[in-house]
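# Coordinate analysis (summary)
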Amino acid sequence: MATLGKKTRNFLRVENLYVREFMAEFLAVFVLISLGCGSNAQVVLGRHKYGGYLSTNLGWGLACAMATWVSFRVSGAHLNPAVTFAMWVVRKKNLKQLIIYSLAQYISAFIASAAVYGIYYDALNNFDGGTRVILGENGTAGIWATYPQPYLGTLASFGDQVFTTTLLLLCALGVTDMYNMWPEFGMIPFCVGAVVALIGMTYSMNSGAGMNPARDFSPRLFTAVAGWGTEVFT
């Protein structure tokens, strides 16, 4: 039996580093979006009976922590094209890895969005009667993507996203810098998740603190093709 298990592991083992990194980022982002958007869905579709602002932010923070645990050893758990781009700029990742990581992140976020939609399909129909609405009392597009407040201008929206993403990168790099106040290795995912939850608790009022192009664009694209229409991009 042990021999069979060893043969199976050897057969399934992936030696190519790029393939392993793609798979790691894909699985990690799937966990991130499934749990994060799932926390949004439970709050919205339950009309705040099954959670609220705090549970949503804690949900995204814990989702990020779980996703980091899934992939940190293999890919470094970027989870975010902005993080991968930053690593490419400082030459910690090459151009091929930038492309591979980003593809995995965007594709996975789209598929995870579809998974959340499938799990909550009946709840969605019960909530809106089958008529998909982007914003408002029966709006549900915000389960998947972030939307700015009506008072927020274009420049302010841009600045908001740059600022929160910079905070995310600064804190994440500080946590993972082995020459800094290095936490216990197994605590790194928890620390990164705490950063995400904290930014959500402090800077999500304006436009949802997206911070992650894959987390926002792919789920938004999914809603565009799943019944909410192209207005999700306006």
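One structure accompanies this document, and this report is about it. Quick caveat, the model's predicted, so the values are computed rather than measured.

The next subject is helix 2 (residues 17-45). The end-to-end C-alpha distance of helix 2, which contains 29 residues, comes to 41 Å, matching closely the 42 Å that a straight helix rising 1.5 Å per residue would cover. The N-terminus of helix 2 is capped by Asn 16, whose side-chain oxygen sits 2.9 Å from the backbone nitrogen of Tyr 18. The first or second residue beyond helix 2 is Arg 47, which carries a positive phi of 50 degrees.

Before going further, it helps to examine a nonpolar patch on the surface. A grouping of Phe 85, Trp 88, Val 89, Val 90, Leu 95, Ile 99, Leu 103, Ile 107 and Ile 111 is seen on the molecular surface, where their side chains present a nonpolar patch of about 810 Å² in accessible area. Elements supplying a minimum of two residues to the nonpolar patch: helix 4 (81-89) and helix 5 (95-119). Per-element accounting of the nonpolar patch gives the leading share, five residues, to helix 5. Structurally, Leu 103 is set in helix 5.

By secondary structure assignment, the location of Thr 84 is in helix 4. Residue classification places Thr 84 among the buried residues on the basis of a relative accessible area of 0%. Excluding its chain neighbours within four sequence positions, the residues that come into contact with Thr 84 are His 78, Gln 97, Leu 98, Tyr 101 and Gln 105.

This paragraph deals with the packing of helix 4 against helix 7 (residues 154-176). Contact geometry of helix 4 with helix 7 gives a least axis separation of 11 Å together with a crossing angle of 65 degrees. Helix-helix and strand crossings are classified by hand; for helix 4 and helix 7 the assignment is right-handed. Judged by residue contacts, Ala 82, Val 83, Ala 86 and Met 87 of helix 4 engage Thr 165, Leu 169 and Leu 173 from helix 7.

Moving on: the packing of helix 2 against helix 5. Two elements in contact, helix 2 and helix 5, have axes whose closest approach is 7 Å; the angle formed by their N-to-C orientations is 35 degrees. Between helix 2 and helix 5 lies a crossing whose hand is right-handed. For the contact of helix 2 with helix 5, a count of residues per class yields 18 nonpolar, six polar and three charged.

On to the state of the cysteines, then. Under the counting rule described, the total for this entry stands at zero disulfides. The closest cysteine sulfur to the non-disulfide-bonded Cys 37 is located on Cys 64, 13 Å from its own sulfur. Accessibility expressed as a relative area gives 0% for Cys 37, which makes it buried.

Generally, phi is negative for residues other than glycine and the peptide bonds are trans, each holding for most cases. At His 48, a position not held by glycine, the phi torsion is positive, near 65 degrees. Topologically, His 48 is positioned in the loop between helix 2 and helix 3 (53-75). For His 48, a relative accessible area of 57% translates into the label exposed. With a phi angle near 65 degrees, Met 211 is a residue other than glycine that sits in the positive phi range. Considering the arrangement of structural elements, one finds Met 211 in the loop between helix 8 (188-203) and helix 9 (213-228). The class of Met 211 is buried, set by a relative accessible area of 7%.

Moving on, we get to the environment of Ala 86. Of note, Ala 86 is situated in helix 4. On a C-alpha basis, the gap between Ala 86 and Leu 169 in space is 8.3 Å, while along the polypeptide they are 83 residues apart.

So, on to the side chain of Asn 40. If you trace the backbone, Asn 40 turns up in helix 2. The class of Asn 40 is buried, set by a relative accessible area of 9%. Not counting residues within four places of it along the chain, the set of residues in contact with Asn 40 comprises Thr 56, Trp 60, Gly 142, Ile 143 and Arg 215.

Turning our attention to the pattern of salt bridges. One pass over the full model with this rule turns up three salt bridges. Its salt-bridge partner being Arg 220, residue Asp 216 comes within 2.7 Å of it at the nearest N-O pair. Of this pair, Asp 216 and Arg 220 both sit in helix 9, four residues apart, roughly one helical turn. The residues Asp 216 and Arg 220 share a single accessibility class, namely buried.

For the rest of this paragraph, the subject is the layout of surface pockets. Empty space among the atoms can be located by rolling a probe the size of a water molecule over them. Here the second largest pocket defines a volume of roughly 290 Å³. Around the second largest pocket, the lining comprises 15 residues; the ones closest to its centre are Thr 146, Tyr 147, Pro 148, Asp 216 and Arg 220. Put simply, the parts of the chain that give the lining of the second largest pocket at least two residues each are helix 7 and helix 9. The element best represented in the lining of the second largest pocket is helix 9, accounting for four residues.

Cut-offs used in this document
- Residues numbered from 1 in each chain as written.
- Predicted model: local features only at pLDDT ≥ 70, side-chain atom pairs only at ≥ 80, totals over all residues.
- Heavy atoms only, no water.
- Helix = DSSP H or I, 4+ residues; strand = E, 2+ residues; numbered from the N terminus.
- Expected span 1.5 Å × (residues − 1).
- Polar contact = N/O pair within 3.5 Å; in protein donor to acceptor, adjacent residues only side chain to side chain.
- Patch = residues over 30% accessible without salt bridge, like charges linked within 9 Å, V, L, I, M, F, W, Y side chains within 5 Å.
- Areas by Shrake-Rupley, 256 points an atom, 1.4 Å probe, with all protein chains shown as cover.
- Salt bridge = Lys/Arg side-chain N within 4 Å of Asp/Glu carboxyl O.
- Buried < 20%, exposed > 50% of the residue type's maximum accessible area, 1.4 Å probe, protein only.
- Contact = heavy atoms within 4.5 Å.
- Axes fitted to C-alpha atoms, helices over the stretch in contact; angles between N-to-C directions.
- Left-handed = near helix turned anticlockwise from the far one by under 90°.
- Nonpolar A, V, L, I, M, F, W, Y, C, P; charged D, E, K, R; others polar.
- Disulfide = S-S within 2.5 Å.
- 1 Å grid on protein atoms, 1.4 Å probe; cavity = no way out; pocket = protein on both sides within 12 Å on 5 of 7 lines; lining within 4 Å.
- Points joined across faces, edges and corners; volume = space filled by probe spheres on them.

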